[in-house]
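Each chain, written out:
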Amino acid sequence: MNELIFFFNNVIVAGVVLGSIYAVGAIGVTLIFGILRFAHFAHGDMMTMGAFIAFLLAIAATALGITTPVVPTGFLVLPIAMVIAAVIALGLDKGFYAPLRKRGARPVTMLIASIGVTLIIQGIIRLFFGSGTYSFFETEQKQLIRIPVPLEGATRTINFTQPQLLMVLCTAVAVLALHFFLTRSRLGKAMRAMADNADLAQVSGINTKLVVRVTWIIAGSLAAMAGTMLALDVNLKPDLAFNIVLPIFAAAIVGGLGQSYGAIAGGFLIGFAETMAIFNWSVLLRPLAGVIPFEIPATLAIVPTEYKLTVAFVILVVVLLWRPTGIFKGAST
């Protein structure tokens, strides 16, 4: 029984947490691709930027005595950080991408421009914060939640941290809010129409400029949410989300580019696949040591932990060979 609890903690709990981060990040990527038709590689650094904004706001809130024992200060200031990140995202579009769109730049040009924006954001972060590592929990304690399992022979507990629980709840709220926005609001329906056919949407009288602005607002705010959740789970550093931007893109492509629901499914698929790939499966086989006809190795993981990111690309290749437009039939990849 303890082995099953160990599996639950290291695969199920970890997969939900990682999948939540990937899903929220992939939604922004897929929205930008669906509306503007280019891969925004600066999205990972927008996540890092949003996390640093929340970190500064948390420091200010602590200095002013605005804290609560119920939730971490990083979550307390998250709505403000999302608003600021959305405004910065609008500024990035107005300063870099809108002029290129007016000149009729091709998607590959926009992609290269987004790489330049990535370097700019990284440079600004390193200019003000250096290359050190920071933590939201320098002045407060990260709470660990332990749930006992009322079964015979179970001595381990189901473990997760308070930020991880809040992370999953915030992801659920964000997904539901986005669902109702896209399906019930007039502006959300306009976004879906523009994602299907931008020229037809413009001819139909849809305010495409407003749709583009709303897309950047949603993408920027969700990037801040994903980055802050990731920083609360681990540590905050200038390359916080740079190393996971490729799995986030893989999640968006697997789910179907331009499909927000596909991004959510792809995020959780990649998250669970990574946790299962690095899990030591010999733990589950040890109780059967006297039954199975071979010696159980000490380590039986599919891939070592340092190669976890390769799992996303293996799934990406398999899914694209089976369904080139992704699980939810998104735009051509």
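One structure accompanies this document, and this report is about it.

Criteria and thresholds
Residues numbered from 1 in each chain as written. Predicted model: local features only at pLDDT ≥ 70, side-chain atom pairs only at ≥ 80, totals over all residues. Heavy atoms only, no water. Helix = DSSP H or I, 4+ residues; strand = E, 2+ residues; numbered from the N terminus. Rg over C-alpha atoms; globule rule 2.2 N^0.38 Å. Buried < 20%, exposed > 50% of the residue type's maximum accessible area, 1.4 Å probe, protein only. Contact = heavy atoms within 4.5 Å. Areas by Shrake-Rupley, 256 points an atom, 1.4 Å probe, with all protein chains shown as cover. Lys, Arg positive; Asp, Glu negative; His and termini not counted. Charge placed at Lys NZ, Arg CZ, Asp CG, Glu CD. Patch = residues over 30% accessible without salt bridge, like charges linked within 9 Å, V, L, I, M, F, W, Y side chains within 5 Å. Salt bridge = Lys/Arg side-chain N within 4 Å of Asp/Glu carboxyl O. Expected span 1.5 Å × (residues − 1). Bend = angle between axes of the 7 residues up to and from the residue. Phe/Tyr/Trp six-rings, centres within 6.5 Å; stacked < 30°, edge-to-face > 60°. Lys NZ or Arg CZ within 6 Å of the ring centre and 35° of its normal. Pairing = 2+ DSSP bridges. Axes fitted to C-alpha atoms, helices over the stretch in contact; angles between N-to-C directions. Parallel < 35°, antiparallel > 145°, perpendicular 65-115°, else oblique. Nonpolar A, V, L, I, M, F, W, Y, C, P; charged D, E, K, R; others polar. Arc of directions from axis to C-beta.

**Digging into the overall build of the chain**
Here comes step 1: The helix and strand tally for the chain stands at 13 helices and two strands.
Here comes step 2: Radius of gyration (C-alpha) of the chain: 21 Å, near the 20 Å computed for a compact globule of 333 residues.
Here comes step 3: Counting only C-alpha atoms and orienting by the principal axes, one finds that the chain spans roughly 70 × 55 × 40 Å.
Here comes step 4: Counting the 333 residues in the chain, one finds 47% classified as buried.
Here comes step 5: Of the contacts formed within the chain by residues at least 6 apart in sequence, a portion of 75% connects residues at least 24 apart.
Here comes step 6: Counting only carbon and sulfur atoms, one obtains 67% of the accessible surface of the chain, whose full area is about 16,300 Å².
Here comes step 7: For the chain, the distance from the average position of its 21 positive side-chain charges to the average position of its 13 negative side-chain charges is 16 Å.

**What about a nonpolar patch on the surface?**
Here comes step 1: A cluster of nonpolar side chains, contributed by F96, I120, I124, L127 and F128, occupies part of the molecular surface with about 540 Å² of accessible area.
Here comes step 2: Among the elements that take part in the nonpolar patch, helix α5 (residues 107-129) stands out by supplying four residues, more than any other.

**Brief notes about helix α1 (residues 2-36)**
Here comes step 1: Between the first and last C-alpha of α1 there are 50 Å, a value that for 35 residues agrees with the 51 Å anticipated at 1.5 Å per step.
Here comes step 2: Taken as a whole, α1 carries its principal kink of about 30° at F8.
Here comes step 3: A positive phi of about 60° marks R37, the residue just after α1.

**Re the packing of aromatic side chains**
Here comes step 1: Taken as a whole, this structure holds 12 aromatic pairs when the rule is applied.
Here comes step 2: Ring geometry for F6 versus F279: centroids 5.8 Å apart, planes at 40°, classification tilted. Remark: F279 occurs in the loop between α11 (260-278) and α12 (282-285) and F6 occurs in helix α1; sequence separation between them is 273 residues.
Here comes step 3: Of the residues examined, F6 reaches a relative accessible area of 26% and is grouped as partly exposed.
Here comes step 4: The buried category is assigned to F279, whose relative accessible area is 4%.
Here comes step 5: Measuring from ring centre to ring centre gives 5.4 Å for Y97 and W216, while their planes differ by 5°; the resulting arrangement is stacked. Taken together, the residues Y97 in helix α4 (residues 78-102) and W216 in helix α9 (residues 208-233) connect sequence positions 119 residues apart. You'll find Y97 and W216 in the same group, each marked buried.
Here comes step 6: Here a set of aromatic residues connected by ring pairs shows up, and it is made of F52, F55, F129, Y134 and F136.
Here comes step 7: Above the plane of the ring of W322 lies R323, whose end atom (NZ or CZ) is 4.8 Å from the centre.

**Focus: the pairing of strand β2 (residues 157-161)**
Here comes step 1: Judged by how many residues are buried, β2 sits mostly within the fold: four of five residues are covered.
Here comes step 2: Pairing analysis gives five bridges linking strand β1 (residues 144-148) to β2, with the strands arranged antiparallel. Opposite I147, over in β2, you have I158 as the bridge partner.

**Re a positive patch on the surface**
Here comes step 1: Together, K94, K102, K209 and R213 make up a positively charged patch on the protein surface.
Here comes step 2: Taken together, the elements giving at least two residues each to the positive patch come down to α4 and α9.
Here comes step 3: As for its position among the elements, K94 is in helix α4.

**A short note on the packing of helix α6 (residues 162-184) against helix α7 (residues 186-196)**
Here comes step 1: At a minimum axis distance of 5 Å, the contact between α6 and α7 shows a crossing angle of 80°. Between α6 and α7, the angle is such that the two are roughly perpendicular. Between α6, through F181, L182, T183 and R184, and α7, the contact on the second element is made entirely by R186, L187, G188, K189, M191 and R192.
Here comes step 2: Classifying every residue of the contact of α6 with α7 by side-chain character gives four nonpolar, two polar and four charged.

**Concerning helix α13 (residues 309-322)**
Here comes step 1: The first and last C-alpha atoms of α13 sit 21 Å apart over 14 residues, in line with the 20 Å expected at 1.5 Å per residue.
Here comes step 2: Turning to α13, its buried residues are V311, A312, I315, L316 and V319. On an axial view of α13, the arc spanned by its buried residues comes to 140°, and they lie on one face. For α13, exposure combined with an orientation more than 90 degrees from the buried face picks out V314, V318 and L321.

**What about the environment of F52?**
Here comes step 1: Relative to the elements of secondary structure, F52 occurs in helix α2 (residues 43-63).
Here comes step 2: Taking C-alpha positions, F52 is 28 Å from T310, a pair spaced 258 residues apart along the chain.
Here comes step 3: For F52, the residues in contact, after removing those within four places along its chain, are I125, F129, Y134, L236, K237 and P238.

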